[in-house]
Amino acid sequence: MTTEGFASVPTAVQVDHDLSIESLSKFYGDFAALDDVSLAVKRGEFLTLLGPSGSGKTTLLMSIAGFVQPDRGDILLGRQSIRHLPPEQRNFGMVFQGYALFPHMTVYDNVAFPLKVRKRPFAEIKKKVDAALDLVQLGAQASRYPRQLSGGQQQRVALARAMVFTPHLLLLDEPLSALDKKLRAELQDELKRLHKRVGLTFIYVTHDQDEALSMSDRIVVMRDGKVVQKGTPSELYERPATSFVANFLGKSNFLRGKVESHVTGGFVLTHQGVRIIQASENRNRPAIGQHVVIALRPEKINLAGNDGQIDNKLTGVISEWSYLGSQFRLVVDTPEFGDVVVMMPTWGHGEPPIARNVATIGWERSAGTLVADA
Ligand code: ATP
């Protein structure tokens, strides 16, 4: 496999081409599909726009591509505004959910198409198409037609076609969503490898949180046309700012209570007579008397014995449990906080839990995260 065809031509990534989105808004009538979105995309990063259906991901991507005209704000490539540049002059590669290949053209001709449109010389076209097909491991299928390829192969042709003209960046809108689970996982790995190898900036749209967590350098979580949080996958997973992010990216239990007192490195909240200790940096410590929400990941809770030293304990009845192969999923119905979901490894836990048994669950004060209830 070679990236020679990519490295041998001047590419946008050799130039300073960070993308900046500045206070971008897009209205349809009174409805804001994008509401004051600002974002800086670093050169060469794999940035994912993640959010539920209708949150504005595609509108943002299409604004970057030039197919949607924003009503306010600006889009800069480096220091230059591209807001009024037509899509073809932005030089961005695009891959969509459908493969959108030309059915009457071979794989080779499909991939060559952007270069032919740009009237590149024959020898350059051949070299770059060969390199692009090599990159997606489809060199041997060059003379086939799209209908003779699997869904995954067709999407790889679409990728090769989007990268063959060494675009400034690659925009991908749910490119894997039409594929079955196994193929999807394979192509996720392949996309990640491709991204590392070619060093292009990828802006990737998905509503699949696992995909976002496993592939991205950084994730931007969107909701109702707004950016609600951005950060690395682990930052977002470990320190979600809001209950929405905590529940959209992974699953969380939410414990609501009132701050009773401050302790070193944290605070105590109470609810229906139960005291919960929660870690927090002093500068983020909520005031005494404040109502707070703690997000607690199911895998950070354990079944606790009566003897061990653990910061927080609750007792309830196991109302459900399921065996998921690597983990048990338990629902413990507690009198104070209702259902608490617990995930624990099956390995090393011996006997499975028993439904309707009383269980004590426990977690350390640093396991939870204080989140805004939004
Ligand atoms: P999905 O994951 O379902 O693709 P999305 O996050 O990409 O959703 P968008 O397609 O950006 O969401 O749409 C954002 C909102 O803007 C939606 O409520 C949608 O109905 C609305 N919208 C998008 N395009 C138009 C349009 N041309 N006219 C009117 N409303 C639109």
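Residues numbered from 1 in each chain as written. Predicted model: local features only at pLDDT ≥ 70, side-chain atom pairs only at ≥ 80, totals over all residues. Heavy atoms only, no water.

### Points about unusual backbone geometry
Backbone geometry follows two general trends: most residues other than glycine have a negative phi, and most peptide bonds adopt the trans configuration. For the record, the criterion: Only runs of H or I of at least four residues qualify as helices and only runs of E of at least two qualify as strands under DSSP, and these elements are numbered from the N terminus. Burial classification: accessible surface area is computed with a 1.4 Å probe over protein chains only, and a residue below 20% of its type maximum counts as buried, one above 50% as exposed, and the rest as partly exposed.
We note that Ser23 has phi near 45°; this positive angle belongs to a residue other than glycine. Assignment of secondary structure puts Ser23 in strand 1 (residues 19-28). With phi around 60°, Asn91 is a residue other than glycine that occupies positive phi space. Residue position: Asn91 is located in the loop between helix 3 (87-90) and strand 6 (92-95). Overall, the relative accessible area of 18% leaves Asn91 in the buried class.

### What about the confidence of the model for the protein?
Keep this limit in mind: pLDDT measures the predictor's confidence residue by residue and takes values from 0 up to 100. Whether two residues are in contact is decided by their heavy atoms: any pair within 4.5 Å suffices.
In the predicted model, the protein carries a mean pLDDT of 90, and the fraction of residues at 70 or more is 94%. Considering only residues more than four positions removed or in separate chains, one finds that residues 1-15, a stretch of pLDDT under 50, has 34 contacts.

### Observations regarding the packing of aromatic side chains
Any pair of aromatic rings gets described here by the distance separating the centres and the angle formed by the planes. The test is simple: In summary, the pairing rule links any two rings of Phe, Tyr or Trp, Trp by its six-membered ring, whose centres are within 6.5 Å, and it sorts them by plane angle into stacked for under 30 degrees, edge-to-face for over 60 and tilted for everything else. As a reminder, the over-ring test applies to NZ of lysine and CZ of arginine, requiring each to be within 6 Å of the ring centre and within 35 degrees of the ring normal.
Applying the stated criterion across every chain, the model contains six aromatic pairs. The interplanar angle of 10° and the centroid separation of 5.6 Å between the aromatic rings of Phe244 and Phe248 together place this pair among those described as stacked. Of this pair, Phe244 and Phe248 both sit in helix 10 (residues 243-248), separated by four residues, roughly a single helical turn. Grouping residues by exposure puts Phe244 and Phe248 together as buried. Of the aromatic side chains, those joined through ring pairs into one cluster are Phe46, Phe202 and Tyr204. Here Arg297 stacks its cationic end above the ring of Tyr237, 3.8 Å away from the centre of that ring.

### Focus on the sheet that holds strand 1
Where we set the bar: One bridge is not enough; two strands pair if DSSP finds at least two bridges between them. Convention adopted: a line fitted to C-alpha atoms gives each axis, helices being fitted over their contacting stretch, and angles between N-to-C directions are expressed from 0 to 180 degrees.
As summarised here, the arrangement of the four strands in space is 2-1-4-5, forming an open sheet in which the pairing is antiparallel. Each edge of the sheet is formed by a strand with only one pairing partner; in this case those strands are strand 2 (31-41) and strand 5 (80-81). Where strand 1 lies against strand 4 (residues 72-77), five bridges are found, and the strand directions are antiparallel. Its bridge partner being in strand 4, Glu22 is matched across the sheet by Asp74. Against the sheet, helix 2 (residues 57-65) contacts strand 1, strand 2 and strand 4, and its axis sits at roughly 120° relative to strand 1.

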